[in-house]
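Each chain, written out:
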Amino acid sequence: MLATLHRGDAADSEPDAGGADLCHGWVEQPAARDQRRDELAVSGWKRCDLIIREEQWPDVAQECEALGRLHHPEATAGREGRFGLRHDMMMAMHNAGMLRPVLARIDGLLVGYCIWHTDVSVEVSEANGMAMGPFFVHPEFPGFGAGQKMLAFSVQLFRDEGFDRLRLHHTVHGRGARAGALYLRLGAKEYQREYLLALRG
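Residues numbered from 1 in each chain as written. Predicted model: local features only at pLDDT ≥ 70, side-chain atom pairs only at ≥ 80, totals over all residues. Heavy atoms only, no water.

Engineer: Teacher, can you tell me more about helix α6 (residues 179–186) here?
Structural biologist: Since there are 3.6 residues in each turn of an α-helix, residues three or four apart along the chain are aligned in direction. Listed as buried for α6 are Ala-179, Gly-180, Leu-182, Tyr-183 and Leu-186. Along the axis of α6, the buried positions cluster into a sector of 160°, meaning they face one direction only. Turned more than 90 degrees away from the buried face of α6, the exposed residues are Leu-184 and Arg-185. Directly after α6, the chain includes Gly-187, whose backbone phi takes a positive value near 110°. (Buried < 20%, exposed > 50% of the residue type's maximum accessible area, 1.4 Å probe, protein only. Helix = DSSP H or I, 4+ residues; strand = E, 2+ residues; numbered from the N terminus. Arc of directions from axis to C-beta.)

Below you can see the structure in the form of structure tokens.
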């Protein structure tokens, strides 16, 4: 399913931070991270700072690929073949200025990504939006609101840059099926539906 969020629509789940600081990374407040300190300590974590920020694709490609191997089977339910990241295409998009990865890290470890690309339309000469690509949070790191915060960060980032809309999507199975409710809370409206027609098998 696809939804769009237009400039000026509500985004009441944005973190409490100023625009300039937010666009350089947002850090979870101590009271919130203390809630999870004991749980993460079991796995050897001593601190748990959640940081949301945009990073450059060449710097994070390998980390995103590793997380993508976990994401792909959950998102596709086996309907879109084996995972194999197209590094050539991703680099071409990066070099063209079209690729914008927003990442979530806990103590430096990549635990989620929301990777955006320029929303291109052959029918509109002045398209001014960003489209959501892969959107995923590692299932072993619940309770931080990383997905919601990556979206809130993205809303503010692209709004401040003058974009008019975000094109959002989600699956209809697994955890992704719940994302529509999050988009609606941000102020998005359901806009289009997508269907997959298998030609073999």
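Engineer: How do you make sense of the pairing of strand β4 (residues 99–106) when you look at a structure like this?
Structural biologist: One face of the sheet, then the other: side chains in a regular strand alternate in exactly this way. Judged by how many residues are buried, β4 sits mostly within the fold: eight of eight residues are covered. Both faces of β4 are covered, namely the face carrying Leu-99, Pro-101, Leu-103 and Arg-105 and the face carrying Arg-100, Val-102, Ala-104 and Ile-106. Where strand β3 (residues 50–54) lies against β4, five bridges are found, and the strand directions are antiparallel. The residue bridging Arg-53 from the neighbouring strand is Leu-103, located in β4. Between β4 and strand β5 (residues 109–118), which pair antiparallel one after the other, the connecting turn spans two residues, and Asp-107 there sits at a positive phi close to 50°. (Pairing = 2+ DSSP bridges.)

Engineer: Looking at this structure, I do not really get the pattern of salt bridges. What am I missing?
Structural biologist: It is possible for side chains of opposite charge to pair when their charged atoms get near one another. All chains considered together, the criterion is met by 10 salt bridges. Ionic pairing is found between Arg-105 and Glu-63, a salt bridge with its closest N-O pair at 2.8 Å. Of this pair, Arg-105 sits in strand β4 while Glu-63 is found in helix α3 (residues 57–76), placing the two residues 42 residues apart along the sequence. Here Glu-63 falls in the partly exposed class, since its relative accessible area comes to 32%. The salt bridge partner of Arg-100 is Glu-161, with a shortest N-O separation of 2.7 Å. Of this pair, Arg-100 sits in strand β4 while Glu-161 sits in the loop between α5 (146–160) and β7 (165–169), placing them 61 residues apart in sequence. With a relative accessible area of 14%, Arg-100 lands in the buried category. Residue class for Glu-161 comes out partly exposed when judged on its relative accessible area of 41%. (Salt bridge = Lys/Arg side-chain N within 4 Å of Asp/Glu carboxyl O.)

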